[in-house]
Amino acid sequence: MHAFKYHKPDTLAAALGGDGDDTRYLAGGQSLVAGMKLRLSQPSDVVDLAGLAELRGIRADAATVRIGAMMRHAEVAASADVRSRIPALADLAGGIGDRQVRNMGTLGGSLANNDPASDYPGAVLGLGATIVTSQRRLAADDYFIGLYETVLEPREVITAVEFPVPAKAAYVKFKNAASRFALVGVFVAQTAAGVRVAVTGAGGAGVFRVAEMEQALAKRWSPEAVKSIAVASDDLTSDIHASAEYRAHLVSVLAARAVAAAG
Amino acid sequence: MTDLTIGKSVLRKEDARFLTGSGQYTDDVVMPRQSYAYFLRSPYAHAAIRGVDLAGAREMPGVLAIYTGKDLPDAVGGLPCGWLITGTDGQPMKEPKHPLLAQGKVRHVGDPVAMVVADTFLAAKDAAERIEVDYEPLPAVVDVRDALAAGAPAVHAEAPGNVCYVWALGDKAATDAAFARAAHVTTLEFINNRLIPNAIEPRACNASYAKSDDSYTLYVASQNPHVERLLMTAFVLGLPEHKVRVIAPDVGGGFGSKIYLYAEETMCVWASKLVGRPIKWTAERSESFLSDAHGRDHFTKAELALDKDGKFLAMRVDTKASMGAYLSTFASCIPTILYATLLAGQYTTPAIHAQVTAVFTNTAPVDAYRGAGRPEATYVVERLVATAAREMKLSQDEIRRRNFIRTFPYATPVALTYDIGDYDACLDGAMQMADVAGFPARKAEAAKRGMLRGLGYSSYIEACGLAPSNIAGALGARAGLYEAGEVRVHPTGKVTVFTGSHSHGQGHETTFSQVVADRLGIGVDDVDVVHGDTGRIPFGMGTYGSRSLAVGGTAIVKALDKIEAKGRKIAAHLMEVSDTDVEFKDGRFTVKGTDKHVPFAQVALTAYVPHNYPLDKLEPGLDETAFYDPTNFTYPAGTHICEVEVDPETGTTKIVSFTACDDFGNIVNPMIVEGQVHGGLAQGIGQALLEGCVYDRESGQLLTGTYMDYAMPRADDLPNFKVDTRVTACTHNPLGVKGCGEAGAIGAPAAVINALCDALGVKDIEMPATPERVWRAARAARA
Ligand SMILES: Cc1cc2nc3c(=O)[nH]c(=O)nc-3n(C[C@H](O)[C@H](O)[C@H](O)COP(=O)(O)OP(=O)(O)OC[C@H]3O[C@@H](n4cnc5c(N)ncnc54)[C@H](O)[C@@H]3O)c2cc1C
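All of these numbers come straight from a predicted model, not from anything done at the bench.

## Here's the deal with the overall build of chain A
A count of helical and extended segments in chain A gives twelve helices and 14 strands. Relative to a compact globule of 263 residues, whose C-alpha radius of gyration would be 18 Å, chain A shows 18 Å and is just as compact. Expressed along its principal axes, the backbone C-alpha trace of chain A runs to roughly 55 × 45 × 30 Å. Within chain A, buried positions represent 54% of all 263 residues. Within chain A, contacts between residues at least 6 apart in sequence are counted, and of these 58% link residues at least 24 apart.

Below is the structure:
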C-alpha cells in the first residue's frame, strides 16, 4: 500500500469538499483497502464515510424501506424492518461473503463498486429501487453501466437506497466455489410497478433484467413460466469458473427456484 | 506410577500457546537492526532478460542493497535436486541450473528476478516498483502435452523436447503378455489436477550474520532444518555447515511445501553478511500462489487387464508428470519412486508396468504435496478398479475382495514388500460404518426428489515411514532417510527429548511425550519435546511422508532403550545386585522376583550426583542419542467410502457422508490421528471437487492466483466424517506404528470421483468436478 492522506469528516458537506487530486471514499474497505494493498488503486486521499450520521439508519413504512448507504450487510440482514417487509433483501444481505465481510461491507460500497458478481445489484435492479446520492435520485434502471461502472460522478456520494416493498420477492444465489460471490444470482419480484427479474453474476456488462421472463411471470407467476425461457449466452461471462452456456442455463434454473421460493 | 497414556486422547500440549496467540512463528522473530527483503518476480511465463535498470530503485529511501542474477558470484550454485533419477536410456535426468535469481531468462510467472533489501518491507517493495526490467517475451508452455509436442518452446536448452527423464518400472514383457490374454481391459485417461499447497502460514525467513564468530542464524518456516542447512551450505553457498544454525520455530502447516530449499531464504543468508544486518522475508499470499512448490499435475493413460472372473492380470500405466520450470528439492522422486511403486495397491496384480515422462513447463516447480505420488497412484488404481467393476457388473466390494492380498509379507511386482495388513477388515468396517446396505433405499428416496445418489470406494495403500536409506540410495536418493532422537534425563527425573522430526501442526510435542512418559513411568508433563533447531537437536531429516512417529518416534525409543540399559546398571549398583537381575517396569527398577526396587528419579539423581556410583565402569549422566534407519517402509492402508448426492439441474455435488476406515498400526493418540485424517480428507475432497491450479495455456499466466479464483475446501463443503481404525501392528518398528498424516489426501479423491461416476452413470469426470463439469456429465449421460 502506498502512503495516502486520511480524512474522517463528520458532515456530508465536508466529505464532498477537499482538494485531493485522487480522492476515494472509504466505506467498509472490503474492496478499496484490498485493492490498495495489492497496489491496484493508489489514491492520494481517502475520505472515510464512517463519521456521517446521515448515511446510517433504516427507515421503513408500508411502501418503502430506506437503508442508509453506510449500513453494514450484517445490520441489513438483522433488521426487523427489512426482514418483515422484504425478507428476500434480508436473506440476500445475510448471504454475502462471510461474517467478517458482512460486519464491514456496506450497501453503498457494494453499489458504488458494482462488482459484476455482487449480490446487492440484483436486489436494487430486481426491486426497482431508487439510489439517493449527494446530488440526485437515480432509478436503478439508470444507475448501472457496466463492469465496476456506474453513473456516479467522482465526488458523488451514495447516501441511501429506497427499496419499494414488493408483494413477493426472492433471491437465489449460486455461489462461485472460490470467492463465494454470485456465479449467478437471480432476483424476482412482484412490485407495484410490475414484475421484475434481475440477474447478477452472469452478465458480461453486469447486472441485467430479463424482459421475457418478466412478461411470462406477469401472465402467470409460477416456476414453470420461466423454467424454459433461455437467456442468450452471447452476452454472458465466460471464465475459468463457468462458461456462458452454463451460466445461461443457471439463469433459467435459478429463476424458477426463485419464483418457487417467493411463493 | 502414573497412568499409561498410549491409546488415550491426551489433549495437545502445544494448543495452549497456539490458541492464545503465543506461538512463535518466523515472522514473529524481530532482530535488532532488522532489515527486510522484497523479491521482484517475473510477470512473464517465459522471457529473455535483455537488461535490468536499477538506477531509479537505488535512489529510493531506505534501500540498503539490490541484487540481480548477475550479482551472484560463480561460486554460488543453483538450488540442488536431492534425488537422481536414471532414465530408461541409462542417462541421468536433465538437471538444468536453478539459479537463486534469474540469469538471462525467466521461466515461470513468479520467477524471482531481483532482491531488494531495505529498512522496511514497504520501502523494499516501493523500490522494487522502480526496477526496470527489459523483457523479451518468449512463447510459453504450461501443459505437459503441449510441452511434449513437436516444436514446443524449450524451457531449458539442456532438456531437448522439454524431457527431464523417461523412467520405467516393472516387467513390460510380462505385462504385455497378460494384456494379450485378458478377458477384459479397462482403460482410462485422465489428468491429476495441479494443486497449490496453501499452508496457513506463508513461507518466511529471517537470516542474520554474526561477525563476532563468523556464524549465521536462519529462522525459516521449514519442515526439516538440517536438510535445509546441508543443502544450502554444501551445495549452494559453500558456507561452513557448522557455522550456520537453522531454526524452524512454530510452523503453520507445510503439507510438503516447506520441505524444500528455496531461493528466498538462501538469498537472505547470502546477503545478510554483505548487508551487515539481519534480513527478513515473509511471503505475501500472492507470492505463495506463485512461488511455493505445487503438487500433482499428471496426465495419465492407465489400463487394467482382467480375466473373466474379474481377477486382475496386469496393469499398464503411462504418465506425463510436470516438473514445472525447475527441479525442486525432491521433485524427481515424486512421480517415480513414490508413485509407480504403489500401483499394486491392495491387490495381487501379478504384472505391472509403468512409464513416467517428467516434463519441464513454464510453471512453478512441482514437488511433494500431502501424499506426494501416492494420491496419484491411488487415483490410478482405484479409478481403474471401480470402472472395471462397473464394466464387468461386479459389485465394488466383490471385485476388491477377489483381488486383495491376504498373505504377508507380500512382494509386489513394483519393488515393495508389504509387511502386514488386513484389507478385508477395513473394507468390512467401512461398509458397515457407511451403511452400504441401506444405500439403495437412500438412493431411491433421493431419486424421488430428483437427486442422484452415488457411492464410491477407494481402497488405498501408501508407503510411509520414509525410508530405508540403503534402498532409497539405490533408487537415487542423495540423502539418508533415518531419524535421530536424544533423550536427556535431568537430575530430578524430568526429561527433555530432542528430535529430528519437525512438528508443523502434527502434535509431536504431545505424542512423543506420551511415548516417553509411558516408557519411563513419568507424567506427560514431565517430558518436553524440542525440535526444529540445528543448534539443539541431533542431525535429523525432518517431517514428511508420514514418517515422524514411525521413524522419529522409533529413534526416541532406541534412545530410551539405552537410557533403560544404563539405568539398570546404576540401579543394580545401588541395590548391590547384578544388572541382569534388574528389570524396569512401572517407573522403577526392581530386582526380579522381589519387591526390592529404586524409582526412576533416584536413578536419575544418582547418575548426576555419582557419590555411590560405579565410576570405574560407567560414565555419569543419563543422556542418550540414537539414530534409527528403518528396515522397510510402513504400509498404512484402508478403505474410504464416499456418498454423494448430485443435483442434476445445477450440477451441485453434496457429500452426504464420508467414511474412512484406516489401518495405521498401533495408535498412540486417537484424537490426533482423527484430526490428521480429517485434515487429509478435506484436502483430498478439495482436490476432487474444488481445487485446481489453472495457468493460461497461451500466456502462461496463473489464473488462480488468489482465493477469489482458487477454491479451498471450507467447513461447509464437508460432511461430518465417520472415521475409525483397524489395527495390524507394523512388524518392523517397536511401536508397531505406520503413520497417518497423508492417508486422507491419498484415499479421498478416488472415493469422491468414483461416487460421482456412480451417481451419474458415467465412466469418468475430470477433477476438480466443478458444478459445470458435473452438469455437463449428467446432461451427456441423459442424452
Ligand atoms: C472476502 C470477501 C467476500 C465477499 N463476498 C461477497 C459476496 O458474496 N457478495 C457480494 O455482493 N459482495 C461480496 N463482497 C463485497 C463486499 O460485500 C462489499 O460490499 C464490497 O467489498 C464493498 O465494500 P465496502 O462496502 O467495504 O466498500 P469500500 O471497499 O470501502 O468501497 C468500495 C468502493 O465504493 C466507493 N464507495 C463506498 N461507499 C460509497 C458511497 N457511499 N458513495 C460513493 N462511493 C462509495 C469507494 O470509494 C470504493 O471505490 C465480498 C468481499 C470480500 C472481501
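Back to the text.
## Re the state of the cysteines
Residues and elements named next belong to chain B. This model, assessed by the stated rule, comprises zero disulfides over all chains. The cysteine Cys 464 is free of any disulfide, with Cys 740 supplying the nearest cysteine sulfur at 9.1 Å. With no disulfide of its own, Cys 642 lies closest to Cys 757 among cysteine sulfurs, the gap being 11 Å.

## What to know about the domain arrangement of chain A
Accessible area lost on assembly of the parts is the figure often given for the size of an interface. All names here are of chain A. Segmentation of chain A into domains returns domain 1 (5-164) and domain 2 (168-262). For domain 1 versus domain 2, the separation of C-alpha centres amounts to 23 Å. With 22 residues of domain 1 in contact, the opposing surface of domain 2 contributes 21 residues. The contact between domain 1 and domain 2 buries some 1700 Å² in all, and 61% of this surface belongs to carbon and sulfur atoms. Inspection of the domain 1/domain 2 interface yields three salt bridges. Arg 209 is the salt-bridge partner of Asp 141, the closest N and O atoms lying 3.1 Å from each other.

## Considerations on the domain arrangement of chain B
Residue and element names in this part refer to chain B. Once the domains are mapped, chain B shows domain 1 (15-20 + 482-628), domain 2 (31-138 + 200-253 + 258-291) and domain 3 (370-467 + 632-782). Taking only C-alpha atoms into account, the centre of domain 2 sits 38 Å from that of domain 3. Taken residue by residue, the interface counts eight residues in domain 2 and nine residues in domain 3. With both chains or domains summed, domain 2 and domain 3 bury close to 630 Å², and 60% of this area falls on carbon and sulfur atoms. Taken together, the links from domain 2 to domain 3 amount to zero salt bridges.

## Quick word on the site of the ligand
Residue and element names in this part refer to chain A. Close to the ligand lie 30 residues, the nearest being Tyr 25, Gly 29, Ser 31, His 73 and Asp 119. Leu 32 is positioned such that a nitrogen or oxygen atom in its backbone is 2.7 Å from an oxygen atom of the ligand. At a separation of 2.9 Å, an oxygen atom of the ligand approaches a polar side-chain atom of Lys 173. Summarising the interface, the protein chains cover 91% of the accessible area of the ligand, which totals 970 Å² for the free molecule. Residue assignment for the shell around the ligand shows that the elements contributing at least two residues are strand S2 (23-26) and helix H7 (107-113). Looking at which element gives the most residues to the shell around the ligand, the answer is H7, with five residues. Broken down by class, the residue content of the shell around the ligand amounts to twelve nonpolar, 13 polar and five charged. Counting contributing residues, the shell around the ligand receives three or more from each of domain 1 (5-164) and domain 2 (168-262).

## Structural notes on the pairing of strand S6 (residues 130-133) of chain A
All names here are of chain A. Across the two faces of S6 the burial is the same, with Thr 130 and Val 132 and Ile 131 and Thr 133 all buried. With three bridges connecting them, S6 and strand S7 (residues 137-139) associate as antiparallel partners. By the bridge assignment for S7, Thr 130 is matched with Ala 139. In this structure, S6 lies alongside strand S10 (residues 158-164), joined through four bridges in antiparallel fashion. Opposite Thr 130, over in S10, you have Glu 162 as the bridge partner.

## A short note on a nonpolar patch on the surface
Residues and elements named next belong to chain B. Together, Leu 605, Tyr 608 and Val 609 make up an exposed nonpolar region whose accessible area comes to about 240 Å². Positionally, Tyr 608 belongs in helix H16 (residues 600-608). Residue classification places Tyr 608 among the partly exposed residues on the basis of a relative accessible area of 32%.

## Side note on the interface of chain B and chain A
Tallying the contact residues gives 26 residues for chain B and 24 residues for chain A. For the pair chain B and chain A, the summed buried surface comes to about 2000 Å²; carbon and sulfur atoms form 47% of the total. The largest per-residue losses of area from chain B upon contact with chain A belong to Glu 649, Met 708 and Glu 772 of chain B, which jointly make up 27% of the total buried on that side. One can count nine salt bridges joining chain B with chain A.

## Quick notes on the sheet that holds S10 of chain A
To summarise the sheet geometry, strands pair through backbone hydrogen bonds and adopt either a parallel or an antiparallel arrangement. Residues and elements named next belong to chain A. If you trace the five strands from one edge of the open sheet to the other, you get S4-S5-S10-S6-S7, paired in antiparallel fashion. Both edges of this open sheet fall to strand S4 (58-60) and S7, since each of them pairs with a single strand only. Strand-to-strand, the axes of this sheet are offset by a mean angle of 20°, without reference to chain direction. Each of S6 and S10 touches helix H8 (residues 120-127); the most contacted strand, S10, lies at about 55° to it.

## Brief notes about the sheet that holds strand S2 (residues 47-53) of chain B
Residues and elements named next belong to chain B. If you walk across this open sheet you meet the three strands as S4-S2-S6, and the pairing is antiparallel. Bordering the open sheet on either side are strand S4 (105-106) and strand S6 (132-137), each of which pairs with just one other strand. As defined by bridge partners, S2 adjoins S6 across six bridges and the pair is classed as antiparallel. Its bridge partner lying in S6, Gly 51 is registered against Asp 134.

Cut-offs used in this document
- Residues numbered from 1 in each chain as written.
- Chains lettered and ligands numbered in written order.
- Predicted model: local features only at pLDDT ≥ 70, side-chain atom pairs only at ≥ 80, totals over all residues.
- Heavy atoms only, no water.
- Helix = DSSP H or I, 4+ residues; strand = E, 2+ residues; numbered from the N terminus.
- Rg over C-alpha atoms; globule rule 2.2 N^0.38 Å.
- Buried < 20%, exposed > 50% of the residue type's maximum accessible area, 1.4 Å probe, protein only.
- Contact = heavy atoms within 4.5 Å.
- Disulfide = S-S within 2.5 Å.
- Domains from an automatic or database assignment.
- Buried area = accessible area lost by both parts, 1.4 Å probe.
- Salt bridge = Lys/Arg side-chain N within 4 Å of Asp/Glu carboxyl O.
- Near = heavy atom within 4 Å.
- Polar contact = N/O pair within 3.5 Å; in protein donor to acceptor, adjacent residues only side chain to side chain.
- Areas by Shrake-Rupley, 256 points an atom, 1.4 Å probe, with all protein chains shown as cover.
- Nonpolar A, V, L, I, M, F, W, Y, C, P; charged D, E, K, R; others polar.
- Pairing = 2+ DSSP bridges.
- Patch = residues over 30% accessible without salt bridge, like charges linked within 9 Å, V, L, I, M, F, W, Y side chains within 5 Å.
- Axes fitted to C-alpha atoms, helices over the stretch in contact; angles between N-to-C directions.

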